[in-house]
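Residue strings, one per chain:
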Amino acid sequence: MKAANLEEVAAIVANFEINGGFSDAVPFGSGHINDTYRITNSYAACPDYVLQRVNHEIFKNVPALIDNISYVTDHLRNKFSTLMGSANVGDRALTLIPAKSGQYYYQDAKGQYWRLYLFLPDTRSYDVVTTTQQALEGGKALGQFQNYLADLDVSKLSVVLPDFHNINFRLKQFAEAIQNNAAGRLDEVAAEVAFVRAREHGMGEIERLGDAGKLPLRVTHNDTKFNNILFDANDRAQCIIDLDTIMPGYMAFDFGDAVRTLINTAPEDEPDLDKIQLNIPVFKAFAQGFLGQTASYMSTTELRSLTLGITLLPFIMGLRFLTDYINGDTYYKTAFPAHNLQRARAQFNLVEKLEKAHHQLYAIVMHAAEVGM
Ligand code: ADP
Ligand code: GN1
Ligand code: MG
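In this text the structure is predicted, and so the values were computed from the model without any measurement. (Residues numbered from 1 in each chain as written. Chains lettered and ligands numbered in written order. Predicted model: local features only at pLDDT ≥ 70, side-chain atom pairs only at ≥ 80, totals over all residues.)

A.B. asks: Any details on the site of ligand 1? Residues and values, ideally.
C.D. replies: Of all residues adjacent to ligand 1, which total 17 residues, the nearest are Gly29, Gly31, Tyr117, Leu120 and Asp242. Of the residues in the shell around ligand 1, the class split is eight nonpolar, eight polar and one charged. (Near = placed C-beta within 6 Å. Nonpolar A, V, L, I, M, F, W, Y, C, P; charged D, E, K, R; others polar.)

Shown next as structure tokens:
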């Protein structure tokens with residue numbers, strides 16, 4: 001999808017119930033799927049907003065996705081006000097702004113879907129985690145998110161992207177991509193294909209445990225990249241964002257995807273594989289924060305599954321980046337032609353390093369769980 005220009009964005013914003021007026025829009029964030037703009041208000045006393053174009057080629061049912069977000073954010077707001085007596089509930093959960101139609105989205109003449117949130121001022125997010133405080137705070141916030149959503153009626157959530165973290169589904173897509181070789185890139189990726197083949201069975205353990213009824217389905221976020229946690233000016237975690245993929249899932253998915261991004265000393269697409277190292281103190285702090293909120297209601301099997309999630313999630317991401325590379329970059333936004341391959345290589349390198357550290361990571365999770373009980 002082509003980026004929208006300023007006039008287009010202003011015209012879109014005019015369809016929402018905003019306070020004040022439109023002053024400016026700048027592209028914002030580094031997401032791979034949607035387009036995000038920060039909207040500044042022409043009145044200093046009125047709030048700024050975040051406008052997003054939801055990629056409806058990927059999210060086929062945007063109204064259902066918006067309903068999920070509205071349901072979850074209402075529930076979170078209630079929890080924050082009843083359990084924490086928090087006066088600033090609006091700072092802790094995203095606030096959707098209604099369109100003039102009354103719905104929480106606007107569909108333009110081209111059929112594109114837009115939504116508007118209140119902008120949370122003085123916040124920031126981290127692509128790479130550098131301090132144990134950030135990790136501890138992030139762990140507490142994601143654990144609390146799990147905790148607060150544990151009593152939500154899962155049946156009211158739409159499954160917006162079926163089988164999103166199901167490795168068997170991702171392997172099937174991978175096999176199809178290899179079969180089609182649509183971009184003629186297969187010869188270049190023999191080493192990566194072999195890497196996947198060697199792990200196909202082992203990576204299926206979470207699905208097998210789930211199918212055998214040994215892991216509960218919970219409300220999961222499913223995109224817990226660390227940069228989806230907003231921090232305030234004092235580096236306290238303030239709000240979990242990017243709620244498009246909220247669906248039923250396994251706790252290990254959320255734990256694993258967060259660890260994928262926070263334990264890595266380098267960005268997700270680092271080209272220099274030597275720069276990809278494991279930050280163990282940061283991981284330990286995150287595990288403490290997360291399990292302090294959640295360990296008390298997890299079985300030993302579920303706790304163990306968290307350590308499986310630590311290697312599964314970077315493996316799945318690497319597999320998806322590789323599949324997209326083979327397909328000719330049809331899913332993720334890319335900044336240059338080999339971007340998806342570079343991402344896949346970085347993720348697979350991380351998987352190797354995590355595999356080597358498995359026993360150490362397992363011990364840290366189990367210790368944090370004991371402390372957190
Ligand atoms: P994407 O799916 O593209 O990652 P996000 O919803 O995560 O989109 O938003 C992209 C970035 O925009 C975030 O990393 C964050 O920095 C910023 N952002 C998103 N929502 C808000 C908000 N309500 N207030 C302030 N910043 C926000
Ligand atoms: C995508 O849009 P963004 O960047 O938050 C993807 C996630 C991946 C992530 C990898 C709907 O998320 O699953 O983990 O890229 N989202 C979707 O950075 O596919
Ligand atoms: Mg995001």
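A.B. asks: Describe the nonpolar core, with residues and values.
C.D. replies: Counting 95 residues, the largest nonpolar core has Leu51, Leu262 and Phe286 as the members making the most contacts within it. Tallying contributions element by element places helix α10 (residues 300-327) first for this core, with 14 residues. Residue contacts for Phe286: discarding those within four places in its chain leaves Ala135, Leu136, Gly138, Gly139, Ala258, Val259 and Leu262. (Core = buried A, V, L, I, M, F, W, Y, C linked by C-beta atoms within 7 Å. Buried ≥ 20, exposed ≤ 12 C-beta atoms within 10 Å, placed from the backbone. Helix = DSSP H or I, 4+ residues; strand = E, 2+ residues; numbered from the N terminus. Contact = placed C-beta atoms within 7 Å.)

A.B. asks: Go over the confidence of the model for the chain, please, and point to the residues and values.
C.D. replies: For the chain, per-residue confidence averages 96 on the pLDDT scale, and 98% of positions sit at 70 or higher. As scored by the predictor, the complex reaches a pTM of 0.97 and an ipTM of 0.98. (pLDDT = per-residue confidence, 0-100.)

A.B. asks: Could you give an account of the pairing of strand β2 (residues 35-41), naming the residues involved and the relevant values?
C.D. replies: Here strand β1 (residues 22-27) runs beside β2; their pairing, made up of five bridges, is antiparallel. Residue pairing across strands places Asp24 opposite Thr40, the latter belonging to β2. Relative to strand β3 (residues 49-54), β2 runs antiparallel, the two being bridged by five bridges. Considered in β3, the bridge of Asp35 is made with Arg53. (Pairing = 2+ DSSP bridges.)

A.B. asks: Explain the environment of Ser81 to me, using residue names and the numbers behind them.
C.D. replies: With respect to the element layout, Ser81 can be found in helix α2 (residues 62-84). The exposure class assigned to Ser81 is partly exposed, which follows from the 15 C-beta atoms found within 10 Å. Along the backbone, Ser81 and Ala295 are 214 residues apart, and their C-alpha atoms lie at a distance of 24 Å.

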